[in-house]
Amino acid sequence: MRSEVKGVWFLTAKRYLLEDYGPELFDRYVAAVPEAHRDWVREPLASRWYPEDMMRDAMASFYVEVAQGSNAVFTAAMERCALLGIHWFLQLLLSVTTPRYLLRLVPTALSQIRRGPVKVHIEAREGGATLRFTGQPYAADLRYRLATPAIVRSLMSVCVGQSARATLTHFDESTHVCDVSW
(Lines give C-alpha, C1' and ligand atoms only; values in the text may rest on other atoms or scores of the structure.)
Protein backbone atom coordinates (compact mmCIF):
# COMPACT_ATOMS: atom_id res chain seq x y z
CA MET A 1 0.00 0.00 0.00
CA ARG A 2 1.30 3.44 -0.86
CA SER A 3 1.71 6.00 1.90
CA GLU A 4 -0.93 8.69 2.39
CA VAL A 5 -1.42 11.58 4.82
CA LYS A 6 -4.57 13.25 6.15
CA GLY A 7 -5.46 16.68 4.86
CA VAL A 8 -5.31 18.12 8.37
CA TRP A 9 -1.57 18.75 7.83
CA PHE A 10 -2.21 20.90 4.77
CA LEU A 11 -5.10 22.68 6.50
CA THR A 12 -2.87 23.45 9.49
CA ALA A 13 -0.07 24.75 7.24
CA LYS A 14 -2.62 26.98 5.50
CA ARG A 15 -3.89 28.30 8.84
CA TYR A 16 -0.34 28.94 10.06
CA LEU A 17 0.66 30.82 6.92
CA LEU A 18 -2.50 32.92 6.72
CA GLU A 19 -2.50 33.81 10.45
CA ASP A 20 1.22 34.42 10.89
CA TYR A 21 2.26 35.73 7.45
CA GLY A 22 -0.80 36.64 5.40
CA PRO A 23 -2.20 35.69 2.01
CA GLU A 24 0.80 36.81 -0.06
CA LEU A 25 3.16 34.23 1.42
CA PHE A 26 0.45 31.56 1.31
CA ASP A 27 -0.03 32.27 -2.40
CA ARG A 28 3.74 31.99 -3.02
CA TYR A 29 3.83 28.70 -1.08
CA VAL A 30 0.96 27.29 -3.17
CA ALA A 31 2.51 28.53 -6.44
CA ALA A 32 5.77 26.70 -5.63
CA VAL A 33 3.96 23.35 -5.25
CA PRO A 34 3.85 21.29 -8.48
CA GLU A 35 0.73 22.05 -10.49
CA ALA A 36 -0.72 18.56 -9.98
CA HIS A 37 -1.11 19.26 -6.24
CA ARG A 38 -1.75 23.01 -6.21
CA ASP A 39 -5.55 22.94 -5.92
CA TRP A 40 -5.39 20.38 -3.10
CA VAL A 41 -2.82 22.46 -1.19
CA ARG A 42 -4.85 25.65 -1.75
CA GLU A 43 -8.14 24.09 -0.50
CA PRO A 44 -7.38 20.93 1.50
CA LEU A 45 -10.01 18.85 3.25
CA ALA A 46 -9.06 17.74 6.77
CA SER A 47 -10.68 14.31 6.40
CA ARG A 48 -9.32 13.44 2.96
CA TRP A 49 -6.34 11.16 2.37
CA TYR A 50 -3.66 12.67 0.10
CA PRO A 51 -0.60 11.01 -1.52
CA GLU A 52 2.69 11.21 0.36
CA ASP A 53 4.23 12.82 -2.73
CA MET A 54 2.00 15.82 -2.11
CA MET A 55 3.32 16.08 1.46
CA ARG A 56 6.89 15.95 0.19
CA ASP A 57 6.18 18.63 -2.42
CA ALA A 58 4.36 20.84 0.10
CA MET A 59 7.22 20.53 2.58
CA ALA A 60 9.75 21.40 -0.14
CA SER A 61 7.72 24.48 -1.06
CA PHE A 62 7.37 25.42 2.62
CA TYR A 63 11.13 25.05 3.13
CA VAL A 64 11.95 27.32 0.18
CA GLU A 65 9.15 29.90 0.31
CA VAL A 66 8.48 30.16 4.05
CA ALA A 67 11.75 29.16 5.70
CA GLN A 68 13.91 30.62 2.90
CA GLY A 69 16.13 27.52 3.17
CA SER A 70 16.77 28.00 6.90
CA ASN A 71 16.71 24.76 8.90
CA ALA A 72 16.04 26.69 12.12
CA VAL A 73 13.09 28.61 10.66
CA PHE A 74 11.65 25.45 9.10
CA THR A 75 11.97 23.53 12.39
CA ALA A 76 10.27 26.33 14.36
CA ALA A 77 7.47 26.47 11.78
CA MET A 78 6.92 22.69 11.98
CA GLU A 79 6.69 22.98 15.79
CA ARG A 80 4.14 25.80 15.50
CA CYS A 81 2.09 23.87 12.92
CA ALA A 82 2.06 20.80 15.16
CA LEU A 83 0.69 22.88 18.04
CA LEU A 84 -1.91 24.52 15.82
CA GLY A 85 -2.98 21.08 14.67
CA ILE A 86 -3.71 19.88 18.21
CA HIS A 87 -7.20 21.06 19.09
CA TRP A 88 -7.26 23.32 22.18
CA PHE A 89 -9.40 20.90 24.19
CA LEU A 90 -7.02 18.05 23.45
CA GLN A 91 -4.15 20.33 24.51
CA LEU A 92 -5.90 20.88 27.82
CA LEU A 93 -6.35 17.12 28.36
CA LEU A 94 -2.78 16.36 27.36
CA SER A 95 -1.41 19.00 29.70
CA VAL A 96 -2.60 16.97 32.71
CA THR A 97 -1.40 13.56 31.54
CA THR A 98 1.96 11.86 31.97
CA PRO A 99 4.54 11.68 29.18
CA ARG A 100 4.36 7.86 29.18
CA TYR A 101 0.59 7.93 28.67
CA LEU A 102 0.95 10.46 25.86
CA LEU A 103 3.56 8.25 24.18
CA ARG A 104 1.18 5.28 24.32
CA LEU A 105 -1.26 7.36 22.24
CA VAL A 106 1.26 8.08 19.47
CA PRO A 107 0.76 4.86 17.41
CA THR A 108 -3.02 5.34 17.40
CA ALA A 109 -2.70 9.03 16.55
CA LEU A 110 -0.26 8.17 13.75
CA SER A 111 -2.76 5.74 12.24
CA GLN A 112 -5.35 8.54 12.19
CA ILE A 113 -3.17 10.90 10.14
CA ARG A 114 -1.13 8.43 8.06
CA ARG A 115 -2.13 5.44 6.02
CA GLY A 116 0.34 3.00 4.55
CA PRO A 117 3.59 1.46 5.64
CA VAL A 118 4.63 3.98 8.34
CA LYS A 119 4.74 2.45 11.84
CA VAL A 120 6.17 3.66 15.13
CA HIS A 121 7.74 1.59 17.90
CA ILE A 122 8.31 3.34 21.23
CA GLU A 123 10.83 2.38 23.89
CA ALA A 124 10.04 4.41 27.01
CA ARG A 125 12.47 4.96 29.86
CA GLU A 126 12.60 7.23 32.89
CA GLY A 127 12.67 10.81 31.63
CA GLY A 128 12.57 9.94 27.95
CA ALA A 129 11.86 7.59 25.08
CA THR A 130 13.09 6.48 21.70
CA LEU A 131 10.62 6.55 18.83
CA ARG A 132 11.48 4.43 15.78
CA PHE A 133 9.43 5.31 12.70
CA THR A 134 9.74 2.63 10.00
CA GLY A 135 8.33 2.45 6.49
CA GLN A 136 8.66 6.24 6.23
CA PRO A 137 8.74 7.41 2.61
CA TYR A 138 11.31 10.14 1.98
CA ALA A 139 12.95 9.56 5.36
CA ALA A 140 16.29 10.75 3.97
CA ASP A 141 14.77 14.02 2.73
CA LEU A 142 16.09 16.98 4.75
CA ARG A 143 12.62 18.42 5.36
CA TYR A 144 11.36 15.11 6.79
CA ARG A 145 14.50 14.84 8.95
CA LEU A 146 13.82 18.33 10.35
CA ALA A 147 10.05 17.87 10.73
CA THR A 148 10.09 14.59 12.70
CA PRO A 149 11.88 15.84 15.84
CA ALA A 150 10.10 19.21 15.61
CA ILE A 151 6.69 17.54 15.65
CA VAL A 152 7.67 15.09 18.43
CA ARG A 153 9.11 17.94 20.53
CA SER A 154 6.00 20.04 19.99
CA LEU A 155 3.68 17.18 20.94
CA MET A 156 5.62 16.39 24.11
CA SER A 157 5.80 20.07 25.07
CA VAL A 158 2.00 20.08 25.44
CA CYS A 159 2.49 17.59 28.28
CA VAL A 160 5.81 18.57 29.86
CA GLY A 161 6.31 22.17 28.77
CA GLN A 162 9.43 23.65 27.27
CA SER A 163 11.69 21.02 28.87
CA ALA A 164 10.80 18.64 26.00
CA ARG A 165 13.79 17.83 23.80
CA ALA A 166 13.75 15.72 20.64
CA THR A 167 16.65 14.80 18.40
CA LEU A 168 16.80 12.70 15.28
CA THR A 169 19.55 10.20 16.13
CA HIS A 170 19.37 8.01 13.03
CA PHE A 171 17.80 7.99 9.60
CA ASP A 172 18.04 6.01 6.41
CA GLU A 173 15.84 5.70 3.31
CA SER A 174 12.80 4.52 5.30
CA THR A 175 13.53 5.00 9.01
CA HIS A 176 13.68 7.82 11.54
CA VAL A 177 14.85 7.26 15.10
CA CYS A 178 13.99 10.15 17.37
CA ASP A 179 15.20 10.41 20.96
CA VAL A 180 12.93 12.48 23.21
CA SER A 181 13.62 13.58 26.78
CA TRP A 182 11.93 15.76 29.39
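Quick notes on the rules
- Position numbers for residues start from 1 in each chain and track the written sequence from start to end.
- Local features in this predicted model are restricted to residues of pLDDT 70 or higher, and side-chain atom pairs are both shown and tallied only at a pLDDT of 80 or more, whereas totals for entire chains, interfaces and linings draw on every residue.
- Excluding hydrogens and water, the side-chain figures rest on all heavy atoms present in the structure.
- A run of H or I in DSSP becomes a helix once it reaches four residues, and a run of E becomes a strand once it reaches two; helices and strands are each numbered from the N terminus.
- For every residue, the accessible area obtained with a 1.4 Å probe (protein chains only) is divided by the maximum for its type, and the residue is called buried under 20%, exposed over 50%, and partly exposed between those limits.
- Whether two residues are in contact is decided by their heavy atoms, any of which lying within 4.5 Å being enough.
- Reported accessibility uses the Shrake-Rupley method at a 1.4 Å probe radius. Residues are deemed covered only where the shown protein chains occlude them.
- Only four residue types enter the charge count, namely Lys and Arg as positive and Asp and Glu as negative; His and the chain termini do not.
- A single reference atom marks each charge: NZ on Lys, CZ on Arg, CG on Asp, CD on Glu.
- Here the expected span of a helix is defined as 1.5 Å times the quantity of residues minus one.
- Any pair of N or O atoms that falls within 3.5 Å is considered a polar contact. Within protein, one atom must be able to donate a hydrogen and the other to accept it, and sequence-neighbouring residues count only if both atoms are side-chain atoms.
- Criterion used throughout: strands pair if DSSP finds at least two bridges between them.

## Focus on the overall build of the protein
Counting secondary structure elements, the protein contains eight helices and seven strands. Principal axes of the C-alpha set define a box for the protein whose edges measure 45 × 35 × 30 Å. Burial analysis of the protein (182 residues in total) assigns 45% to the buried set. Nonlocal contacts in the protein, meaning residues at least 24 apart in sequence, comprise 66% of its contacts between residues at least 6 apart. When the accessible area of the protein is evaluated, it comes to approximately 9100 Å², of which 56% is carbon and sulfur surface. The positive charge centre, built from 21 side chains, and the negative charge centre, built from 19, are 5 Å apart in the protein.

## Examining helix 8 (residues 142-160)
Here helix 8 spans 27 Å end to end across 19 residues, near enough to the 27 Å set by a 1.5 Å rise per residue. With 14 of 19 residues buried, helix 8 lies mostly within the body of the structure. With a side-chain oxygen positioned 2.8 Å from the backbone nitrogen of R143, the residue opening helix 8 is D141.

## Side note on the sheet that holds strand 1 (residues 4-6)
Ordered in space as 2-1-3, the three strands form an open sheet in which the pairing is antiparallel. Each edge of the open sheet carries a strand with a single partner, namely strand 2 (49-51) and strand 3 (114-115). Both strand 1 and strand 2 contribute to a ladder of three bridges, which runs antiparallel. Residue pairing for strand 2: K6 is matched across the bridge by W49.

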